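The chain contents come next:
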Amino acid sequence: LLKGPEPKEEWANNPEGTVLIKGGAFTMGQMSEFITAPRNSERRTVTVNSFYMDKYEVSNDFWNHYETWIRKVFGDVKPELVESVLPDTTVWREELAYNDPLVEYYYRHKAYSNYPVVGVTWEQAHAFCHWRTNLLRNQGHQIAHQYRLPTEAEWEYAARGGRRAAMYPWGDKYARDSEGCFLANFKPYRGSYHDDTGTATMAVGQFKPNDFGLFDMAGNVAEWTASSYSSTSNTHVHDMNPEFPYVAHKDDPDVLKRKVVKGGSWKDISYYLQCGVRTYEYQYESRSYIGFRCVRSVIGE
């Protein structure tokens, strides 16, 4: 286990907390699908341009800075705006389970400052990216492209760490190392959440990064992507910077409000930690096991 970054404001606002991911080609999707799939159906080799990605999942400390800024600027004139940025801490409440301490303290208590923020919807994460861009520009940072959520292809490419066909971010096909230690925060066995040293979420950056220097690309919390979910989108999107975008409107049917979620979480079995596995959640829903990180495009590509 690693110590991870200190929860401090300087880190939260530091544009150097990102990693440059050099673009390239990779095979998108679950590796197991290609074992029996006909050759002519394997049209999932895609290319992505270079981009910057956060080393760590966005933490409670970072989100609290966002809330504080919104409260300071708009608290007196738009209190409803302040309410709209607060994480939903009731996501920890489960029927027939005593999670009340997490409901009360997970977001507010300093003990959880460096834990990944959860209870935020896709819509809230999207708004956070816009705020982060404008904040840094106002502070004099030269940012041409705005912060945003990664596309599904960008996220998956980054998770593989430069290993074209890696099953997990660490490159192996197992969730343990050679000494039998777990390599991420997930649910190793039925009812056994603590075997990997974390009962629920853990502070960000506790396990070794992948070859790109990115932490927690598997486990801890699953992560929102910018991409809309369709069971067949990977087969018909463009092979250059593939993306399936759609920002659903309030009156749209729920099927159009599904967003791709990647990486698996503290409550998931190892299958969901695979780089190519994709699930979804509705853009207006928040969960105790979904967070996010930001990316920026690179000028010149």
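Everything quoted here is computed from the prediction, not taken from an experiment.

What counts and how
Just so you know, the residues in each chain are numbered from 1, in the order the chain's sequence is written. Since the coordinates come from a predicted model, pLDDT governs what is reported: local features require at least 70, and pairs of side-chain atoms require 80 or more to be given and counted, while whole-chain, interface and lining totals use all residues. With hydrogens and water stripped out, all remaining heavy atoms of the structure feed into the side-chain values. Each salt bridge in this description consists of a side-chain nitrogen of Lys or Arg and a carboxyl oxygen of Asp or Glu lying within 4 Å of one another. Where helices and strands are cited, they refer to DSSP runs of H or I of at least four residues and of E of at least two residues respectively, numbered from the N terminus. The buried label goes to any residue with under 20% of its type's maximum accessible area, the exposed label to any with over 50%, and the partly exposed label to all in between, with areas taken from a 1.4 Å probe on protein chains only. In this analysis an axis means a line fitted to C-alpha atoms, helices contributing only their contacting stretch, and an angle means the value between N-to-C directions, from 0 to 180 degrees. Roughly parallel means an angle under 35 degrees; roughly antiparallel, over 145; roughly perpendicular, 65 to 115; everything else is oblique. Here, residues are in contact when the closest pair of their heavy atoms is within 4.5 Å. As a working rule, the residues Ala, Val, Leu, Ile, Met, Phe, Trp, Tyr, Cys and Pro are called nonpolar, Asp, Glu, Lys and Arg charged, and the rest polar, with Gly in that last group.

Take the pattern of salt bridges next. Should their charged atoms come close, side chains of opposite charge can pair. Under the defined criterion, the tally for this structure stands at 13 salt bridges. Residue Asp54 is joined to Arg132 by a salt bridge in which the shortest nitrogen-to-oxygen separation is 2.8 Å. Separated by 78 residues along the polypeptide, Asp54 in strand E4 (residues 51-54) and Arg132 in helix H6 (residues 122-138) bring together distant segments of the chain. The pair Asp54 / Arg132 is uniform in exposure class, with both members buried. Among the ionic pairs, Glu67 bridges to Arg71, the shortest N-O distance being 2.6 Å. Within this pair, Glu67 and its partner Arg71 are both found in helix H3 (residues 60-74), separated by 4 residues, close to a single helical turn. Judged by relative accessible area, Arg71 falls into the partly exposed class, the value being 40%. Salt bridges sharing partners connect three or more residues here, namely Glu152, Glu156, Arg160, Lys262 and Arg278.

The contact between H3 and H6 brings their axes to 11 Å, and the two run at 75°. Here H3 is positioned roughly perpendicular relative to H6, judged by the angle of their axes. Counting all contacts with H3, which are made through Phe62, Trp63, His65, Tyr66, Trp69 and Ile70, the residues of H6 involved are Gln124, Ala125, Ala127, Phe128, Trp131, Arg132 and Leu135. Its residues placed into classes, the contact of H3 with H6 shows 10 nonpolar, 2 polar and 1 charged.

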